Every structure is written in structure tokens, then in C-alpha cells.
Amino acid sequence: VPSASFASPPAGWGQLAVFRCARGRVPPLSSREAAADEKLALGTGFMEYRYQELVGGMAAGLVQDALLHPLDVLRARLDTGVSSATARSAANPATALWCEAQSVAAVDGMRGLYRGYTLCLAASAPANALYFGSFKASQRALGDTSVPAAGRDFIAGLSAECVASLLWTPLDVLKQRMQVGPTDLGTLGATRDACRVGVVGLWRGYFAGLAVWGPFSASYFAMYEGLRRAMGSGDGATEASARQSIPAGLGAGAAAALLTQPLDCAKTRIQVGAVPRNLGLLSVMRRVYVQEGAESLWRGGAARTLWLTPGCAITITVFEAVERLLR
């Protein structure tokens, strides 16, 4: 049975009680984490979530969606093949992105580039909170093990994706159906469409999503933390600043986005119902390759990279700034 201990709240926090659970013993904390440990913490000693990390994740998700949602819309349309004829016949991903942006703006105006945004406001914040909170909790759980730093960051990133995808998958299923469907398709219509096979339809593509975003998150956090350490701001070193977080986030995000683009193309088609229900991720990739050519697997690459590269830099910078402010 987990043991629980209560500590006096830090000055200025009124009657806030600090709740910590430990299974056995609590791993020793670094100096960087000592102050944060005095604030609210939830969960067991193995996976402990801290409220400032959850709030930082929520803020990061909201800022990213507000700035970059149009690129996500274009990525989904290019990946699923519902894009305009000019975009489908474009010579390269960058040209396809530009042609599709012009097509959507001409037909629906700026509103067309923000399809599914209202849903993101409601669901993206808690999903990002769980994502970043799980990453930091996993890092702490592995902190006193013999796992090398890069391996620990890789595992923590993968763990974060497995947990957060429980919320992200329904969001992706509904959001992408709204992004590629008729302009008047709302949240209720997308939900009704997805649930034709039952509520389980909201989690269609969960494992396909893990096959895409699991390697993405694992490689992203491993590269990000490695770049930060190279710049002298990782694990026990000096606090990360925006000058370090932004370039590290940009570089890691761009590399991870490009590596997983073909997988994302197949995953998106599965989630919007553009392929038969019995096809898996690799089967969809093979089907696209045979029927449409390899260029179709990469057509959304420019949109995805332009969405995720600044997105990763923005979210990690906002997350660390808010988490540091609340500590």
C-alpha cells in the first residue's frame, strides 16, 4: 500500500497542502527538482505528476494550436488525398502546400484554415498537460536507474505518448474528419460519423497513432535533451533559456517530423475512414505506394514539417517558461 506524507505549504500559498505518495522510497531529487517538489504533486513515487508541469503543458498546447492550426489542416488534407487537383499534381511537397492553401482560402476563406479549431481549444489543453506531465514523471521514475541519459529521454518520450494518446486519439479522429470533410461538418456530425461502429470508433487508429507519434516523441525528446546538454543546459546544469530551448526544439522537431511523415500519411487515412477498416498501418502505406506512388506518402511532408518544427520549439519553450514561473 503506498505511504502518503504531507508537508507544510511554501510561503505565499495559503493553506495549500502538499500531497506526495511514495511506493517504498522516493528517488533522490536533483537540485533543480528540489524546489518543484515542494509544490503540489499527484500520483505514486513511480509516476508523480506535478501541477506546474501540467499547467505548463496546457499553456504550451493552447499557444501552439492558436498559431499553427492552419498548417495542421493543410497537412491532413494533403495526407488524405482530398486536396485540390493542382495540389495533387504538384511537383514537390512545398508546391503542394502552397497550392492547397490557395485552394482552401479561395473556397472557404480563413475559416477553412481553422476547421476543427474549436475542438482543439477544448481537448488539446488537457492532452498536452498529460503529455508533458507524463514525460517529466517518466524522467523522474528513471532518474536513479543505470539507464543512460539518452535512453532515459527516449523511454520517457515514448511513455508520454502512450499515456497522452488516450486523449489525443479521439481528438485527432474528430478534428481530422472536420478538417477534410464538408465545411458545415461540426463536432456532433463528426462524432456521429466516427461512432457508427460504436464508441470504440473514437479510438480508431490508436495503435497506428502510437506507431507514428511514439517514435516521433521518443526521438524528439532524446534529440532535444541531447542538444540542450550540448549547449550546457541539461539535467542538473543551468536552467534552460529561450535561446537554448528554441533552437533545440526546432532541430529536434524538424528531424522527427521528416522521419515519421510516411507513417503519418497512413495513420491519417485510417483515422478519417479513407481506407477499409481492416487495413493496418503498413498495409495502408503499401496501398498508397502502389495506387498513387511514393510521392503521395510525402505530399504532406512540407506542411507537417512547417507545422511541427515551430510547434515543437513553441511548446517546449512555453512549457519550460510556465513551469519555471510556477515553481
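Every value quoted in this text rests on a predicted model; they were computed, and no experiment measured them.

Asker: Looking at this structure, I do not really get helix 11 (residues 281-292). What am I missing?
Answerer: Owing to its 3.6 residues per turn, the α-helix aligns residues three or four sequence positions apart on the same side. The terminal C-alpha atoms of helix 11 lie 16 Å apart, and with twelve residues this matches the ideal 16 Å at 1.5 Å per residue to within 8%. Inspection of helix 11 places L281, V284, M285 and V288 among the buried residues, and these make up the whole buried set. Buried residues along helix 11 cover an arc of 100° about the axis, so they all sit on one side. Of the exposed residues in helix 11, those oriented more than 90 degrees away from the buried face are L282, R286, V290 and Q291. Looking at the packing, one finds that the buried side of helix 11 touches helix 8 (206-230), helix 10 (261-271) and helix 12 (294-298). One or two steps after helix 11, the chain reaches G293, where phi turns positive at roughly 95°.

Asker: Just checking my understanding: could you explain the confidence of the model for the chain for this structure?
Answerer: One rule of thumb: low pLDDT means the predicted coordinates there are not for detailed reading. Residue-level pLDDT values for the chain average 81, and 83% of them are 70 or greater. When pLDDT is averaged over each element of the chain, helix 11 comes out on top at 93 and strand 2 (residues 18-22) at the bottom at 30. When the criterion is pLDDT under 50, residues 34-39 qualifies, and its contacts beyond four places in sequence or with other chains add up to 19 contacts.

Asker: Could you clarify how one ought to interpret the nonpolar core in this entry?
Answerer: Side chains of nonpolar character tend, in soluble globular proteins, to be buried together. Formed by 57 residues in total, the largest nonpolar core has its most connected members in L97, Y131, F132, F216, Y220, F221 and I316. When residues in this core are grouped by element, the largest group, nine residues, is from helix 13 (residues 301-326). Setting aside anything within four residues of it in sequence, one finds Y131 in contact with A160, E161, A164, W168, S217 and F221.

Asker: How do you make sense of the packing of aromatic side chains when you look at a structure like this?
Answerer: The description of an aromatic ring pair uses the distance of the two centres, along with the angle that the planes make with each other. Counting across every chain of the model gives 13 aromatic pairs. Here W213 and F216 contribute two aromatic rings whose centre-to-centre distance is 5.1 Å and whose plane-to-plane angle is 80°, an arrangement assigned as edge-to-face. Taken together, the residues span about one helical turn, with W213 and F216 both in helix 8 at a distance of three residues. Relative accessible area serves as the criterion here: at 4%, F216 is assigned to the buried category. Each ring, one from Y220 and one from F221, has its centre 5.1 Å from the other, and the planes form 65°; the classification is edge-to-face. Residue classification places F221 among the buried positions, given a relative accessible area of 0%. R304 extends its terminal NZ or CZ atom over the ring of W213, reaching a point 4.8 Å from the ring centre.

How each quantity is defined
- Residues numbered from 1 in each chain as written.
- Predicted model: local features only at pLDDT ≥ 70, side-chain atom pairs only at ≥ 80, totals over all residues.
- Heavy atoms only, no water.
- Helix = DSSP H or I, 4+ residues; strand = E, 2+ residues; numbered from the N terminus.
- Expected span 1.5 Å × (residues − 1).
- Buried < 20%, exposed > 50% of the residue type's maximum accessible area, 1.4 Å probe, protein only.
- Arc of directions from axis to C-beta.
- Contact = heavy atoms within 4.5 Å.
- pLDDT = per-residue confidence, 0-100.
- Core = buried A, V, L, I, M, F, W, Y, C linked by side-chain atoms within 4.5 Å.
- Phe/Tyr/Trp six-rings, centres within 6.5 Å; stacked < 30°, edge-to-face > 60°.
- Lys NZ or Arg CZ within 6 Å of the ring centre and 35° of its normal.

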